[in-house]
Amino acid sequence: MTTVLVVGGGGREHTLCWSLGKSSRVDRILVAPGNAGTALAERCENLEVGAGDLAGLVDAARRESVDLVAVGPEAPLAAGLADAMEAIGVPTFGPSADCARLEASKAYCKTFLNELSVPTAASATFREPEPALAYLDQLPSVPVIKASGLAAGKGVVVAETPAEAAAAIRAMLVDGRFGEAGREVVVEERLRGTEISVLAFSDGNDFVVMPAAQDHKRIFDGDRGPNTGGMGAFVPSPFATGGLIGEVSNRIIRPTLDALAAAGTPYRGVIYFGLMLTEEGPRVLEINCRLGDPETQAVLPLLESDLFEVMLGCATGSLGGVQVEWSGSACTTVVMSSAGYPTVSAKPAPISGLKEAVIEGCLVFHAGTSLVDGVIHATGGRVLGVTALGNTLPEATERAYAGVEAITFEGSHHRLDIGRRPLPESVRVPLSHGGSIR
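First things first, this report covers the structure right here in the doc. As the structure is a computational prediction, the values presented were derived from the model and not from experiment.

**Brief notes about the overall build of the protein chain**
Now for step 1: What the protein chain contains, in helices and strands, is 14 helices and 23 strands.
Now for step 2: For a compact globule of 438 residues, the expected C-alpha radius of gyration is about 22 Å, and the protein chain comes in at 21 Å, within 12% of that figure.
Now for step 3: By its C-alpha atoms, the protein chain is 60 × 50 × 45 Å across when sized along the principal axes.
Now for step 4: Expressed as a percentage of its 438 residues, the buried residues of the protein chain come to 58%.
Now for step 5: Sequence-distant contacts, at least 24 apart, represent 69% of the contacts inside the protein chain between residues at least 6 apart.
Now for step 6: Looking at the protein chain as shown, the accessible area adds up to about 17000 Å², and 50% of this sits on carbon and sulfur atoms.

**Description of the packing of aromatic side chains**
Now for step 1: Applying the stated rule across the entire model yields five aromatic pairs.
Now for step 2: Seen in terms of ring centroids, W18 and F365 are 5.7 Å apart; in terms of plane orientation they differ by 70°. Their pairing is edge-to-face. Of this pair, W18 sits in helix α1 (residues 11–20) while F365 sits in strand β20 (residues 363–366); the two residues are 347 residues apart in sequence, bridging distant segments of the chain.
Now for step 3: Ring geometry for Y108 versus F112: centroids 6.3 Å apart, planes at 40°, classification tilted. One end of the pair is Y108 and the other is F112, both in helix α7 (residues 106–116) and four residues apart, which spans about a single turn.
Now for step 4: Taking the relative accessible area as the measure of exposure, Y108 reaches 22% and is therefore partly exposed.
Now for step 5: Ring-pair connections join several aromatic residues into one group, and the members of that group are F93, F201 and W326.
Now for step 6: Sitting over the ring of Y401, R420 keeps its end group 3.7 Å from the ring centre.

**Quick word on empty space enclosed by the protein**
Now for step 1: The final tally for this structure, using the stated rule, is one cavity of 30 Å³ or more.
Now for step 2: Each pocket or cavity is described by its volume, and for the largest cavity that value is around 60 Å³.
Now for step 3: Contributing to the lining of the largest cavity are R12, L16, V71, G72, L77, F93, G94, P95, V270, C289, R290 and L291.
Now for step 4: Here the residues of the lining of the largest cavity are counted per class, giving eight nonpolar, two polar and two charged.

**Describing the sheet that holds strand β8 (residues 156–158)**
Now for step 1: Spatially, the four strands line up as an open sheet ordered β6-β9-β7-β8, and their pairing is antiparallel. Edge positions in the sheet fall to β6 (123–126) and β8, since each has one partner strand and no second. Sheet twist, expressed as the average angle between the axes of neighbouring strands with direction ignored, equals 20°.
Now for step 2: Summarising the sheet, β6 and strand β9 (residues 185–188) pair through four bridges and their orientation is antiparallel. In the strand pairing of β9, F126 is matched with V185.
Now for step 3: In the packing of α7 onto the sheet, the strands contacted are β6, β7 (144–147), β8 and β9, and the crossing angle to β9 comes to about 50°.
Now for step 4: Together, β6 and β9 form the strand contacts of helix α8 (residues 129–138), whose direction differs from that of β6 by roughly 160°.

**Describing the nonpolar core**
Now for step 1: If you look at the biggest cluster of nonpolar residues, it comprises 49 residues, and the most contacted ones within it are L5, M85, V198 and I253.
Now for step 2: A per-element tally of this core places helix α10 (residues 242–262) first, with seven residues.
Now for step 3: Setting aside residues up to four positions removed in sequence, I253 forms contacts with V198, A200, F207, V209, V248 and F273.
Now for step 4: Core analysis: the next-biggest nonpolar cluster, separate from the first, contains 38 residues, I29, A233, L319 and V324 among them.

**Things to note about unusual backbone geometry**
Glycine aside, the phi torsion of most residues is negative, and most peptide linkages are trans.
Now for step 1: Here the bond from A32 into P33 is cis, since omega is 0°, no more than 30 degrees from zero.
Now for step 2: In this fold, P33 is placed in strand β2 (residues 28–33).
Now for step 3: Cis geometry marks the peptide bond from Y341 to P342, where omega comes out at 10°.
Now for step 4: Looking at the secondary structure, you find P342 in the loop between β18 (330–337) and β19 (349–350).
Now for step 5: One non-glycine residue with positive phi stands out, namely S117, at about 60°.
Now for step 6: Locating S117 in the fold gives a position in the loop between α7 and β6.
Now for step 7: What makes S117 exposed here is its relative accessible area of 62%.

**Notes on the pattern of salt bridges**
Oppositely charged side chains may form a pair once their charged atoms are brought near each other.
Now for step 1: The tally for this structure, following the rule as stated, stands at 22 salt bridges.
Now for step 2: Of the charged contacts in the structure, one is a salt bridge between E64 and R28, with a shortest N-O distance of 3.0 Å. Residue E64 is found in the loop between α3 (54–63) and β4 (68–71), and its partner R28 is found in strand β2; the two are separated by 36 residues along the sequence.
Now for step 3: The partner of E103 in a salt bridge is R290, with the nearest N and O atoms 2.7 Å apart. Of this pair, E103 sits in helix α6 (residues 97–104) while R290 sits in the loop between β17 (281–288) and α11 (295–299); the two residues are 187 residues apart in sequence, bridging distant segments of the chain.
Now for step 4: Using a relative accessible area of 6% as the deciding quantity, one classes E103 as buried.
Now for step 5: What makes R290 buried here is its relative accessible area of 11%.
Now for step 6: Through salt bridges with shared partners, a single network forms among R28, E45, R63 and E64.

Conventions we followed
Chains are numbered independently. Their residues run from 1 in the order of the written sequence. Local features in a predicted model are, by the rule used here, given only for residues with pLDDT of at least 70; side-chain atom pairs are given and counted only at 80 or more, and totals for whole chains, interfaces and linings are based on all residues. Heavy atoms throughout the structure, all of them, feed into the side-chain values; hydrogens and water do not. Runs of H or I in DSSP of at least four residues are treated as helices and runs of E of at least two as strands, each being numbered from the N terminus. In this description the radius of gyration comes from C-alpha coordinates, and the expected globular size is given by 2.2 Å times residues to the power 0.38. A simple rule labels every residue: compare its accessible area, found with a 1.4 Å probe on the protein chains alone, to the largest value its type can have, and call it buried under 20%, exposed over 50%, or partly exposed in between. Residues count as neighbours in contact if any of their non-hydrogen atoms are within 4.5 Å of one another. Surface accessibility in these figures is a Shrake-Rupley result with a 1.4 Å probe; residues are shielded only by whichever protein chains are displayed. Classification of ring pairs uses Phe, Tyr and Trp, with its six-membered ring standing for Trp, and accepts pairs whose centres are within 6.5 Å; under 30 degrees between planes counts as stacked, over 60 as edge-to-face, and the remaining range as tilted. Over a ring means this: the NZ of a Lys or the CZ of an Arg is within 6 Å of the ring centre and within 35 degrees of the ring normal. Only protein atoms enter the 1 Å grid, on which a cavity is a set of points fitting a 1.4 Å probe that cannot get out and a pocket is an open set with protein on both sides within 12 Å along at least 5 of 7 lines, lining residues being those with an atom within 4 Å of a point. Grid points are joined across faces, edges and corners, and a volume is the space filled by probe spheres set on the points. The classification used treats Ala, Val, Leu, Ile, Met, Phe, Trp, Tyr, Cys and Pro as nonpolar, Asp, Glu, Lys and Arg as charged, and all other residues, Gly among them, as polar. At least two bridges found by DSSP between two strands is the condition for calling them paired. For helices, the fitted axis covers only the stretch in contact; all axes are lines through C-alpha atoms, and the angles between them, taken along N-to-C directions, range from 0 to 180 degrees. Take the buried residues of types Ala, Val, Leu, Ile, Met, Phe, Trp, Tyr and Cys, join any two whose side-chain atoms come within 4.5 Å, and each joined set is a nonpolar core. By definition here, a salt bridge exists when the distance from a side-chain nitrogen of Lys or Arg to a carboxyl oxygen of Asp or Glu is within 4 Å.

What follows is the structure, encoded as structure tokens:
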């Protein structure tokens, strides 16, 4: 009996469980801690172990004779969960703590990229407010202010004025916003262009690029309001031509993986490059050490290969022997969040219409949900990722929104422009997933 332990409790982890559940090689999926969606999924069982409880997760892997661990969130990876699992002989889909520093410390990541001459924005790092504010006064344009540490996707302030940038610096370095994650800040040149997410499976040597996605981080339509963990995503990105993916593979992904391998820390899992497509070419905004959320919900439904085999290949250094194939369809995910997200928590509220969304042709991936007396409740934050496939992006998008309209819970919020915004004439080109590049 093959048992997989999925670590995490969000929409990404529900999607992983759904995809692993299609594998004929997987008999049992344990989820720590999971959510209402994973509690009800076939072959899934939630464990009362938190994603940050490394000792508890290791004990569970031993006790349940786990064959593969798939780590969703970044925090346990940065804390060394993959290293702890490898120490007891359990193959783990997720990089070591040394590799995860690329996400855990934006300051470290900027140094790493600059040493490799990988294209990225100009920046400076500070631990004290006075020199940071003095640097801000010298800049010709308003920069982006980033908490260097892990801040659940909310540690980036895209300021519009010098006053906003200065306020963000003070909030992090003086007022302690984001706590330890904000004790060091990166003041970074604001790049202009289109942002895309390029993710790749990696076994430390071989890598396979996934279909590129476009995420939507701001809470309101038109990319307004504060950053969130992500309010929706779609695949394919019309900007992700074969030529672009080839350039990213050769100039960004390959040098990164080669440098990590040369340092004795081969990268095994998913490596995620947040890129800005500027007039000068693609530039790295950030590197994440795991699958994106909500990109996972929009990408994995397109995977035609067995996810368990892909993950095991990454974890054991044998990805080169796995055929990774993707559907040519489009996929759109619209996130439904609770009232007040991302700043205020909402009280639990029952959810209705989930079955009706499935009838509309949607996959509904749970994030902030739990079972209360057998009834699925929204429990705050990002609640659901309503996902749909289509032959074209407009078809997938309209199907996803039909699912959204079928679902109700008190205080629900979603953007109306995921996958619907018009594209400039200059990028209306044949779509290419670019997924065959290794």
